[in-house]
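# Summary of structural features
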Amino acid sequence: MKTISLCMIVKNESDVLGRCLDSAADLVDEIVIVDTGSTDNTKEIASKYTNQIFDFPWRDDFAAARNFAFAQGKSDYLFWLDADDVIEEKDRLLFLQEKERLDENPHMVMMDYHVSFDEKGNPTFSYRRERLVKRNAGFRWKGRIHEVIPPHGIVQQWKAAICHRKEVQKDPDRNLRIFQSMINQGEILDARQQYYYGRELYYHEQYEAAINVLEEFLKMPNAWLENRIDCCRDLARCYDAMGDTEKSLTALFRSFLWDTPRAEVCCDLADCLFRLQQYQNADFWYGIAEQCSYQPERGGFLCPDCYDFLPALGRCRCHFAMGDREGAYQYHLKTEQLRPSHRAVIYNNAFFASLGFEKRS
C-alpha cells in the first residue's frame, strides 16, 4: 500500500493541534510539523506525535511555508491539514478505505472541505480542495495568501471529507495585510488572488474598493468559472451593504452569463426580491433553487441548505405573505422534515399552532 506523509505548518496552535493530530495520526505513515514562530507550547504538543519538527521563519508567504513542509515529507503521497482541521470518525473510516485507491497511482486527490455547520454538526458550507499529491510528480504550492496547488495529471475524488473547526480568529486583518503588502511591492495579482483580495475588502467593509477589485477580476480571461459565479454573489453583497438593491439584483443575474443557475444564486435573488415585497417573484426563484442539482464535483463554494431547506423556508414565508396560509404551512412541514431543530422551524411550529394548525403525521 502507498504511504502518506501529513505535512503541516503551524503557529501558536496549542489549543487545537492535539485535536487535529488525534484525528489523523493513525491514518498516515509520517507526520511533519513545520513551526513558523510559535510562542506557546505548540512544539511540545507536536512532539507527542512526531520527531519530525522543523522551524521556518515566517515571511507572509503561505506557499513558501507549505512547500518547505512538503519538501520534508518522504512518503509516496503528501497530505496537508490546518491545525484547526478535524477528520470526523465517519470520514476516518472512509479515508482508510480510500487509501487503498492510491495503488492506482493518481497524481492528486480532492476531498470535500466542510467549513460551517448546523445545530447538529451537519455541513452548511463546503467546497473541494486538493488534499494529497504524489510526492515525485512536481507539485508546488502557489500564492502567498489563499495558496493553491495547480492540478495536473490523474485526479481522484474521495468521499472522505475534512472539517474545519476554527475556535477563534487570531488575526482577522492578516490576509488583507498580506495582499496590500504584495500590491505595495509591485506584485501583479493573478486571477485567483484578485478574487480573494476583493473578498477580503468586502469582509473589511470596504465595499467600493471591493467592487472595483471584483469587477477587474471578472474581466480577467483566465478566471475560474466557479469564482466568477461566486464573485457575482460577492458583488451583490457589496451593493446590498451600500443599499443599492437594483445593482445587487443585476450582479446576481450576471452570474447566468457563465453557467446555468446555481441554487445559491437563486436563493440570493429570492431573498432580495422578498425584501422588496415581490413575494410571487421571490417564490419563483426559491422554486428554481429547489430544482437545481447539487454538484460538489464542480469544486466551487456550496451551501447544501440552498438546495432544499432554505427554499422551503423561503416559500413558507412567501406564501404566508401572499395570504396562502395552507400553502405556507405545507412548506413549513417540509422544513420540519429537513431541519426539525432549526430555530426558525421551532419558531414556526409555535406560530402555526397559534393559528390553529394541528400537527399532521
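Here we summarise the structure given alongside this text. Note that the structure is predicted; figures quoted are calculated from it, not measured.

Let's shift gears to the packing of helix H7 (residues 207-219) against helix H8 (residues 225-241). Packed helices, taken two at a time, are described by the angle their axes make and the gap between the axes. At a minimum axis distance of 10 Å, the contact between H7 and H8 shows a crossing angle of 155°. Here H7 lies roughly antiparallel to H8, going by the angle between them. The way H7 lies across H8 gives a crossing that is left-handed. Contacts from Tyr207, Ala210, Ile211, Leu214, Glu215, Phe217 and Leu218 in H7 reach Asn227, Arg228, Cys231, Asp234, Leu235, Cys238, Tyr239 and Ala241 in H8. Its residues assigned to classes, the contact of H7 with H8 comprises 11 nonpolar, one polar and three charged.

Our next topic: the pairing of strand E2 (residues 30-35). Along E2, six of the six residues are buried, which leaves the element largely enclosed by surrounding structure. Residues of E2 alternate between two faces, with Glu30, Val32 and Val34 on one and Ile31, Ile33 and Asp35 on the opposite face, all of them buried. Crossover handedness for the path strand E1 (residues 4-10) to helix H1 (residues 17-24) to E2: right-handed. Pairing geometry for E2 and strand E3 (residues 53-55), over three bridges, is parallel. Directly across from isoleucine 33, in E3, lies its bridge partner isoleucine 53.

Reading across the sheet, the eight strands line up as E3-E2-E1-E4-E7-E6-E8-E5 and stay open at both edges, with mixed pairing between neighbours. Both edges of this open sheet fall to E3 and strand E5 (85-86), since each of them pairs with a single strand only. Pairing geometry for E1 and E2, over six bridges, is parallel. Looking across to E2, one finds that isoleucine 9 is bridged to valine 34. Helix-sheet contacts for H1 involve E1, E2 and E5, and the interaxial angle to E1 is about 170°. Across the sheet, helix H3 (residues 62-72) touches E1, E2, E3, strand E4 (77-79) and strand E7 (123-134), and the angle it forms with E1 is around 145°.

For the rest of this paragraph, the subject is the side chain of threonine 42. By the element assignment, threonine 42 lies in helix H2 (residues 42-46). In this structure threonine 42 comes out as buried when scored by relative accessible area, which is 1%. Looking at threonine 42, its side chain comes within polar contact range of the main-chain nitrogen of glutamate 13, at 2.7 Å.

It is worth spelling out the pattern of salt bridges at this point. For the structure shown, the criterion picks out 30 salt bridges. Close ionic contact of arginine 92 with aspartate 26 constitutes a salt bridge, the shortest N to O distance being 2.7 Å. Pair noted here: arginine 92 is in helix H4 (residues 89-99) and aspartate 26 is in the loop between H1 and E2, with a separation of 66 residues, a long-range link. Salt bridges sharing common partners tie together Asp118, Glu119, Asp305 and Arg339.

This brings us to H7. Across its 13 residues, H7 extends 19 Å between first and last C-alpha, which sits within 8% of the 18 Å expected from 1.5 Å per residue. Within the span of H7, buried status applies to Tyr207, Ala210, Ile211, Val213, Leu214, Phe217 and Leu218.

Turning our attention to the nonpolar core. Side chains of a nonpolar character, in soluble globular proteins, are inclined to be buried together. With 100 residues, the main nonpolar core has Leu6, Met8, Phe79, Leu81, Phe95 and Leu132 as its most contacted residues. Broken down by element, the residue count for this core peaks at nine residues, all from helix H10 (residues 263-275). The contacts of methionine 8, once residues within four sequence positions are left out, are Leu17, Cys20, Leu21, Val32, Ile33, Val34, Ala69, Leu81, Asp82 and Ala83.

So, how was this worked out
- Residues numbered from 1 in each chain as written.
- Predicted model: local features only at pLDDT ≥ 70, side-chain atom pairs only at ≥ 80, totals over all residues.
- Heavy atoms only, no water.
- Axes fitted to C-alpha atoms, helices over the stretch in contact; angles between N-to-C directions.
- Helix = DSSP H or I, 4+ residues; strand = E, 2+ residues; numbered from the N terminus.
- Parallel < 35°, antiparallel > 145°, perpendicular 65-115°, else oblique.
- Left-handed = near helix turned anticlockwise from the far one by under 90°.
- Contact = heavy atoms within 4.5 Å.
- Nonpolar A, V, L, I, M, F, W, Y, C, P; charged D, E, K, R; others polar.
- Buried < 20%, exposed > 50% of the residue type's maximum accessible area, 1.4 Å probe, protein only.
- Right-handed = clockwise from strand over helix to strand, strands pointing away.
- Pairing = 2+ DSSP bridges.
- Polar contact = N/O pair within 3.5 Å; in protein donor to acceptor, adjacent residues only side chain to side chain.
- Salt bridge = Lys/Arg side-chain N within 4 Å of Asp/Glu carboxyl O.
- Expected span 1.5 Å × (residues − 1).
- Core = buried A, V, L, I, M, F, W, Y, C linked by side-chain atoms within 4.5 Å.

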